[in-house]
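Take a look at the letters that make up each chain.
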Amino acid sequence: MRKKFFSVALLCSALWASGQVVTVGTVSKINLPSDVKVSQPTISPDGSFVVVSDLNNPTLKTVDLKSGKTKTLTANGSGRGVQISADGSKVVYRQSTVNNKHLRYSSLKSVDVATGAETELVKPTRNLDGFAVNGNNVVALEKRKMKTKNLAGQKATRDVAVSIERGHLNVTVNGKTTTIDPQGRSSYLWPQLSPDGTKIVYWAAYLGCFVCNLDGSNPISLGEIRAARWIDNNTVVGQRDTDNGEVITASELVAANLDGKTQVLTDGNIIALNPTVSADGSKIAFSTADGQLYLMNISK
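None of the values given here were measured: they were computed from a predicted structure.

1. Quick look at the pairing of strand S15 (residues 176-179)
- As paired elements, strand S14 (residues 168-173) and S15 share four bridges and run antiparallel to each other. Bridge pairing in S15 links Asn-170 to Thr-179.
- Following S14, the chain reverses through two residues before pairing antiparallel with S15; Asn-174 in that reversal takes a positive phi of roughly 50°.

As structure tokens, then:
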């Protein structure tokens, strides 16, 4: 117990000592069941729970951030790109299957957090380029074509989505998909729209993290920050990691803003990965390389 407390206390002291981009309040390790190891967390809009992948299998679970209590959503789901509806009632995720010819397909599903009821939004396909949950609308992109669903059973509206297609960065607005590739032909990863829908944060291979306008104009470099997620319309948080060619050996969380400031939020005592931010920008949940889960409270 002393060792765990010391680790968290040391982490907190490192955070409080900085304060360039955000002000960090409390940092707490979530008390998970002993047999649960997690990765790829996605925090709910209100910051009350996260959806996580099991570190060793494709099971998706919810974790209550106060109690640490877990609940299985599905035994076959990808934590990569999980999104949650604005009211927190539905989780949208990819599900992978392999047919008898050993070809891999992806479908898009939603699951009701309270009841566990599943709905198939996009049938299994080899061309699911990406999807976005905007409020209660789901925008899915298959072969550059937009499909919209409303999770609340209302009429769906057209919306904006960003996606990756064979390494290209695409933007879809009202059903029209455009390849923008702000750095030219590259391999783009981790795109996300800003909360106000006017900018995109993304990673370009060998070049780093950038923010650009919807049309790809005015790219701004934020440096070596991977898997970046928006805190607000001017600020992101991501991970700065190193590896030995096989596994990640070190990783710290870094916040950056469009004014050119950066701030390291964690220290070398943990390998911090995959930050995710609540809708109001006050909470960051993240996992570690050994499957632990942390919650960080911040303010601007």
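2. Here's the deal with the environment of Trp-230
- Take Trp-230: it is sitting in strand S20 (residues 226-232).
- Here Trp-230 falls in the buried class, since its relative accessible area comes to 6%.
- Those residues in contact with Trp-230 that sit more than four places away from it in its chain are Gln-192, Leu-193, Ser-194, Pro-195, Lys-199, Ile-200, Val-201, Val-211, Thr-235, Val-236 and Val-277.
- In terms of polar contacts, Trp-230 uses its side chain to reach the backbone carbonyl oxygen of Gln-192, at 3.0 Å.
- Polar side-chain contacts of Trp-230 include one of 3.3 Å to the backbone oxygen of Leu-193.

3. With respect to the sheet that holds strand S17 (residues 199-204)
- Strand order in the open sheet formed by four strands is S16-S17-S18-S19, and the pairing between neighbours is antiparallel. Single-partner strands in this sheet number two, and they are strand S16 (188-193) and strand S19 (220-223). Sheet twist, expressed as the average angle between the axes of neighbouring strands with direction ignored, equals 25°.
- Where strand S18 (residues 208-213) lies against S19, three bridges are found, and the strand directions are antiparallel. Its bridge partner being in S19, Phe-210 is matched across the sheet by Ser-221.

Rules behind the numbers
Residues numbered from 1 in each chain as written. Predicted model: local features only at pLDDT ≥ 70, side-chain atom pairs only at ≥ 80, totals over all residues. Heavy atoms only, no water. Pairing = 2+ DSSP bridges. Helix = DSSP H or I, 4+ residues; strand = E, 2+ residues; numbered from the N terminus. Buried < 20%, exposed > 50% of the residue type's maximum accessible area, 1.4 Å probe, protein only. Contact = heavy atoms within 4.5 Å. Polar contact = N/O pair within 3.5 Å; in protein donor to acceptor, adjacent residues only side chain to side chain. Axes fitted to C-alpha atoms, helices over the stretch in contact; angles between N-to-C directions.

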